[in-house]
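Descriptive structure summary
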Amino acid sequence: MHHKFVTFPFAAIIGHDLMKKGLLVNAIDTSISGILIKGDKGTGKSTAVRALAKLLPKIDIVKDCAFRCHPGDLRLMCQACQDKYKKNGGLVSIKKKMEVIDMPLSATEDVVVGTIDIKNILSDGIKSLEPGILARANRNILYIDEVNLLEDHLVNILLDASAMGVNIVEREGVSLYHPSRFILIGTMNPEEGELRPQLLDRFGLCVEMNALTSSDQRLEVIKRRSEFDSDPWRFEERFREEEDALRKEIVDVQSLFNKVDISHEMLEKIVKITTHLGIKTHRADIVMEKTSRALAALDNRDFVSEQDINEAALLSLPHRMHEHPFDKSKAPTKETLETFLNSKSKDEIFDFERDAKLKNDVLNINSNNIVKGRHSSKAQGGNGLYIRARESKNPQSLAIDATIRKSVKDTGKLQVRSDHLMEKVRTSNGKALYIILLDSSSSMRMERKIGFAKTLAWNILRESYKKKDKLSLFAFRNEDSKMLVPPTTDVSKVEKALEELPIGGKTPLTTALYKAFQMSMKENDTSTTVILISDGKGNIFIKNSIEEDIAFLSTLAKGTNFIIVNSEIKNRSIGILEDMGRTLNGKHFYLEDVI
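Predicted model, so just to flag it, every value in this text is computed and none were measured.

**Some remarks on the overall build of the protein**
Within the protein one finds 22 helices and 22 strands. Among the 595 residues that make up the protein, the fraction classed as buried is 50%. Contacts in the protein between residues at least 24 apart in sequence constitute 76% of all its contacts with a sequence separation of at least 6. A total accessible area of about 29,100 Å² is found for the protein, and carbon and sulfur atoms account for 50% of it.

**Examining the nonpolar core**
Judged by nonpolar contacts, the single largest core of 62 residues is most densely connected at Phe10, Leu23, Ile141 and Ile185. Considering each element in turn, this core owes the most residues, eight residues, to helix 13 (residues 283-298). For phenylalanine 10, the residues in contact, after removing those within four places along its chain, are Lys20, Leu23, Leu24, Ala48, Ala51, Leu52, Leu55, Glu243 and Leu246.

**Quick notes on empty space enclosed by the protein**
The final tally for this structure, using the stated rule, is four cavities of 30 Å³ or more. Lining the largest cavity are ten residues, and of these Leu461, Ser464, Thr488, Thr489 and Val491 sit closest to its centre. With three residues, helix 17 (residues 449-466) is the largest single contributor of residues to the lining of the largest cavity. Of the residues belonging to the lining of the largest cavity, the class tally is five nonpolar, three polar and two charged.

**Side note on the sheet that holds strand 10 (residues 183-188)**
Here we have five strands laid out as an open sheet, ordered 4-7-10-1-11, and parallel in their pairing. Two strands bound the open sheet, and with one partner strand each, they are strand 4 (100-102) and strand 11 (205-208). Between one strand and the next, the sheet's axes are offset by a mean angle of 20°, whatever the strand orientation. The sheet strands contacting helix 2 (residues 45-55) are strand 1 (35-38), strand 4, strand 7 (141-145) and strand 10, and the helix crosses strand 7 at an angle near 170°.

**Observations concerning the pattern of salt bridges**
Across all of its chains, the model carries 21 salt bridges by this definition. Glutamate 236 is the partner of arginine 240 in a salt bridge, and the nearest nitrogen-oxygen pair spans 4.0 Å. Judged by its relative accessible area of 36%, arginine 240 is partly exposed. Taking relative accessible area as the criterion, glutamate 236 reaches 17% and is therefore assigned buried. Salt-bridge contacts for glutamate 289 lead to arginine 293; the nearest nitrogen and oxygen are separated by 3.9 Å.

**Notes on unusual backbone geometry**
The phi angle at aspartate 64 is positive, at roughly 65°, despite the residue not being glycine. One can find aspartate 64 in the loop between strand 2 (59-62) and helix 3 (79-88). When its relative accessible area of 76% is taken as the criterion, aspartate 64 is described as exposed. The phi dihedral of asparagine 585 is positive, around 55°, even though this residue is not glycine. Tracing the sequence through the fold places asparagine 585 in the loop between helix 21 (576-583) and strand 22 (587-590).

**Looking at the pairing of strand 22**
By the bridge criterion, four bridges tie strand 21 (residues 561-566) to strand 22 in an arrangement that is parallel. Each bridged residue has a counterpart across the sheet, and for valine 565 the counterpart in strand 22 is phenylalanine 589.

**Quick word on helix 11 (residues 240-257)**
In this model, helix 11 (18 residues) spans 25 Å end to end at C-alpha, consistent with the 26 Å of a helix rising 1.5 Å per residue. Of the surrounding secondary structure, the elements contacted by the buried residues of helix 11 are helix 1 (17-28), helix 2 and helix 13.

**Side note on the side chain of aspartate 439**
Within the element layout of this structure, aspartate 439 appears in strand 16 (residues 431-439). Here serine 534 takes part through its side chain, which lies 2.8 Å from a polar atom of the side chain of aspartate 439.

**A closer look at the side chain of aspartate 73**
If you trace the backbone, aspartate 73 turns up in the loop between strand 2 and helix 3. A relative accessible area of 19% places aspartate 73 in the buried class. Here the side chain of aspartate 73 touches arginine 75 through a polar contact of 3.0 Å, landing on its backbone nitrogen.

Cut-off values and rules
Residues numbered from 1 in each chain as written. Predicted model: local features only at pLDDT ≥ 70, side-chain atom pairs only at ≥ 80, totals over all residues. Heavy atoms only, no water. Helix = DSSP H or I, 4+ residues; strand = E, 2+ residues; numbered from the N terminus. Buried < 20%, exposed > 50% of the residue type's maximum accessible area, 1.4 Å probe, protein only. Contact = heavy atoms within 4.5 Å. Areas by Shrake-Rupley, 256 points an atom, 1.4 Å probe, with all protein chains shown as cover. Core = buried A, V, L, I, M, F, W, Y, C linked by side-chain atoms within 4.5 Å. 1 Å grid on protein atoms, 1.4 Å probe; cavity = no way out; pocket = protein on both sides within 12 Å on 5 of 7 lines; lining within 4 Å. Points joined across faces, edges and corners; volume = space filled by probe spheres on them. Nonpolar A, V, L, I, M, F, W, Y, C, P; charged D, E, K, R; others polar. Pairing = 2+ DSSP bridges. Axes fitted to C-alpha atoms, helices over the stretch in contact; angles between N-to-C directions. Salt bridge = Lys/Arg side-chain N within 4 Å of Asp/Glu carboxyl O. Expected span 1.5 Å × (residues − 1). Polar contact = N/O pair within 3.5 Å; in protein donor to acceptor, adjacent residues only side chain to side chain.

Everything listed here is a matter of coordinates, which is why it stays silent on function.
Now the structure itself:
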């Protein structure tokens with residue numbers, strides 16, 4: 001076996017994350033109309049294309065059909081397969097890998113679209129087609145290297161077929177058609193000339209694939225290429241597990257894609273971006289909508305976020321931002337777009353309802369581990385009057401008498417097991433402090449979750465004021481959490497902070513919890529309750545992942561009452577906050593059940 005039959009694995013490609021996402025997005029939704037990859041020679045453009053074909057899962061095709069028709073969808077069948085399907089009630093199918101169909105620069109129109117078989121028409125009266133490149137490309141990858149050197153009218157034909165999903169051949173008064181849905185990928189070196197703007201617009205996405213600038217990455221490229229050339233089969237085996245996992249992910253994403261919902265608010269953001277940048281084609285808006293949904297599915301979500309919109313803009317807009325022909329100072333660049341995307345989401349202020357009533361009072365829940373306010377039980381720790389005992393796998397203050405009684409009752413003798421351990425529950429007339437952690441990151445903007453979260457915080461403030469307890473307010477967004485109001489009984493300070501609280505940026509969820517638990521540990525004579533209000537979409541970590549952070553926080557949470565109010569509805573929650581509640585011994589609610 002010659003190593004030319006071994007393809008460099010997709011998972012082994014270093015860097016170029018946006019380009020790889022663009023390829024995967026087109027694999028998920030071929031109606032996006034392909035991707036144009038610009039870049040200098042020798043940057044790995046062709047390698048990435050062929051790696052994608054090897055990565056994609058096998059598909060079902062109709063056996064012996066020249067057009068690789070779908071065996072179960074009439075819309076994706078040629079006329080002959082449709083007739084057979086209707087007559088027989090089904091078609092014989094086989095599984096086949098997707099291939100890269102190369103488009104030669106010297107191709108003629110007949111080679112591309114195919115020709116009518118006049119001989120069959122004249123001799124047998126049967127309309128038939130001699131398949132062209134578009135027939136072979138159906139449900140495959142059509143690859144055009146140096147697309148800027150291809151004749152413009154051929155590029156138009158390819159892009160028309162890609163957009164419509166069908167190839168129509170009309171010759172000598174005879175018209176035939178066949179399905180033509182393919183992943184269109186064009187590559188080009190800008191030094192050899194640009195495509196006309198009209199043709200650029202027909203490509204759904206466009207990315208630049210320039211040489212890597214990181215010395216570490218370039219060094220790794222050398223090592224991997226050397227290893228591949230030395231023993232391609234061994235190198236392929238090294239990345240087989242990653243490739244299989246990525247292939248399975250693509251299958252899962254393809255099934256999730258049709259379930260992804262995009263809100264009216266997100267559609268408005270798409271239009272806001274395209275109009276601000278002066279993009280004249282409506283195709284940009286449509287492609288951004290499709291791309292953002294595919295990106296959401298790739299992130300294993302059934303809804304589109306602002307981050308998806310921003311990434312979709314970087315993929316679908318740069319080639320549609322045209323420079324002024326007589327003023328090069330107005331030439332838009334990728335940096336222009338990124339600057340706008342980073343600055344456009346100005347801090348928004350959401351109001352809240354002051355008269356809303358809680359469905360469930362989170363401060364007065366009948367649970368052993370929840371503080372009920374001033375002059376009430378402190379569930380953990382060694383302060384206060386011992387009033388009763390409760391079961392605990394890891395008691396902070398061992399109730400020896402209750403443990404002995406349970407041991408004797410269960411075993412008939414004094415033989416203490418771990419399930420016999422009982423913890424002292426004490427009552428204290430000490431002070432109570434409520435630390436509210438309010439998520440004000442970008443994801444809380446969706447469906448106005450921040451407005452409901454503020455309303456809940458206001459209700460907690462009002463309740464604590466009645467009991468003369470102290471309250472502190474933290475907000476977390478961007479890179480860190482910030483204490484807006486230190487522990488206070490002054491209602492006006494907290495109310496003002498809520499009114500002026502902006503929204504936007506990333507979600508340092510665990511960082512905020514770390515600060516809250518640190519504050520709680522310093523309040524030795526105070527019964528402290530940390531109340532987290534968030535959707536759980538943390539993306540800035542103390543350590544390396546949300547799981548590691550939760551494990552770390554569990555060592556700090558002891559002695560602090562913990563309440564979580566999940567601002568996501570139950571069937572959309574990603575499960576992080578539920579896991580956090582279990583690990584940190586906290587009480588978990590969904591916002592819909594509270595307000």
